[in-house]
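A structural walkthrough
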Amino acid sequence: MSTYRDLALPRALGSARAAGAPIGSRSATVLRTVGTRERRSHLTAPRVPTVGIDIGGTKVMAGVVDADGNILEKVRTETPDKSKSPKVVEDTIVELVLDLSDRHDVHAVGIGAAGWVDADRNRILFAPHLSWRNEPLRDRIAGRLAVPVLVDNDANTAAWAEWRFGAGRGEDHLVMITLGTGIGGAILEDGQVKRGKFGVAGEFGHMQVVPGGHRCPCGNRGCWEQYSSGNALVREARELAAADSPVAYGIIEHVKGNIAEITGPMITELAREGDATCIELLQDIGQWLGVGIANLAAALDPSCFVVGGGVSAADDLLIGPARDAFRRQLTGRGYRPEARIARAQLGPEAGMVGAADLARLVARRFRRANRRRVERYERYERFVESRRETQETL
């Protein structure tokens, strides 16, 4: 890994003020520059390998990704128990990066985190499935690694990856729905991720769809992700099994009566084998998914919804019912163009790939900073050599 001492990147507006120019005109120019930087990054960023990290409620996945979105190597581990301190998760991230850097020349690290990330993409303001509360994740990780670090919401990074390399290519208005432990979301317009004023746009999973409904880890009741997510799928299956329902015999027999072993991938596997109850469970999740997408279409009117995350592996068992429910619930149906609903092409690696690709922007700054540092050192060496020669002639 390359060395990088000055890990704190200056904020654009602060730099403008330091330059002494009139704040009004200079800040307008700076804001326009910041607004287009991300859009240009995939065209101008250096074609160097970067590491992407995807942190979810159950797993931490890291991979080295090249400039074309190809995963050169991938490693993963379980997310440490959320009752432990945030440092335990940070330790896991650092260990994975150092492991990959033993075999690859890593130029930057991008982290997609399941939580609210502030507008500066430094702090995790709130993570429903982890013990992060206003955690300065970027600075903490950057302080332990020798490369610059970028932090973003995991759904934002997944949306970026699908727009760059997957199901969203060619779309100018895209909404990403990620179904995993919960529901994540992201909005991408004209090549820019829309993060909102405070950086927390796209948290669709915590829209209230059933007042007074199931309790959500975020603290509220009736959140969308309590009815259409991996947690919802497993909860419903376990409740049927715990009640010893005759329709759940296939599930109970598969886990030999150990209800705690019922998982989302297992339900999907049984559904593909024809288990009627598992098929119905996925249909229920898909119908709730379609209802939520119809609400988002009314608010955002995108051209495409991309559905990703681990639960999307169920494919048409999930997406089919979602499309049906979307058409039934869509406001103005029959009199308006309908957005297409596509399954993500990059699968569960989308967040990791997107984080790595976005990290190339800071990799470019890193390389420029290193080049300037080398140039300053070379000028200093020439100055010292010149003084030595002058003294020798005297």
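The shown structure was predicted, so the numbers you read here are calculated from the model rather than taken from an experiment.

All right, on to the environment of Thr-268 then. You can see Thr-268 is positioned in helix H8 (residues 264–272). For Thr-268, a relative accessible area of 8% puts it in the buried group. Considering only alpha carbons, one finds Thr-268 and Asp-315, 47 residues apart in sequence, at a separation of 9.5 Å.

This paragraph deals with the side chain of Ser-228. Considering the arrangement of structural elements, one finds Ser-228 in the loop between strand S11 (192–193) and helix H6 (230–242). Only 3.0 Å separates the side chain of Ser-228 from the backbone oxygen of Ile-285, close enough to count as a polar contact. Apart from the residues within four sequence positions on either side, Ser-228 is in contact with Leu-179, Ile-183, Ile-285, Trp-288 and Leu-289.

This part takes up the packing of H6 against helix H9 (residues 276–300). Two numbers describe a pair of packed helices, the interaxial angle and the distance between the axes. Where H6 meets H9, the closest approach of the two axes is 10 Å, and the angle between their N-to-C directions is 140°. Comparing the axis directions of H6 and H9 gives the class oblique. Crossing of H6 against H9: the hand is right-handed. Counting all contacts with H6, which are made through Ala-232, Leu-233, Glu-236, Ala-237 and Leu-240, the residues of H9 involved are Thr-277, Leu-281, Leu-282 and Ile-285. Split by residue class, the contact of H6 with H9 holds seven nonpolar, one polar and one charged.

Here we come to the sheet that holds strand S7 (residues 133–135). Across the sheet, three strands lie side by side as S5-S6-S7; this open sheet has antiparallel pairing. The strands lining the two open edges of the sheet, one partner per strand, are strand S5 (116–117) and S7.

Cut-offs used in this document
Residues numbered from 1 in each chain as written. Predicted model: local features only at pLDDT ≥ 70, side-chain atom pairs only at ≥ 80, totals over all residues. Heavy atoms only, no water. Helix = DSSP H or I, 4+ residues; strand = E, 2+ residues; numbered from the N terminus. Buried < 20%, exposed > 50% of the residue type's maximum accessible area, 1.4 Å probe, protein only. Polar contact = N/O pair within 3.5 Å; in protein donor to acceptor, adjacent residues only side chain to side chain. Contact = heavy atoms within 4.5 Å. Axes fitted to C-alpha atoms, helices over the stretch in contact; angles between N-to-C directions. Parallel < 35°, antiparallel > 145°, perpendicular 65-115°, else oblique. Left-handed = near helix turned anticlockwise from the far one by under 90°. Nonpolar A, V, L, I, M, F, W, Y, C, P; charged D, E, K, R; others polar. Pairing = 2+ DSSP bridges.

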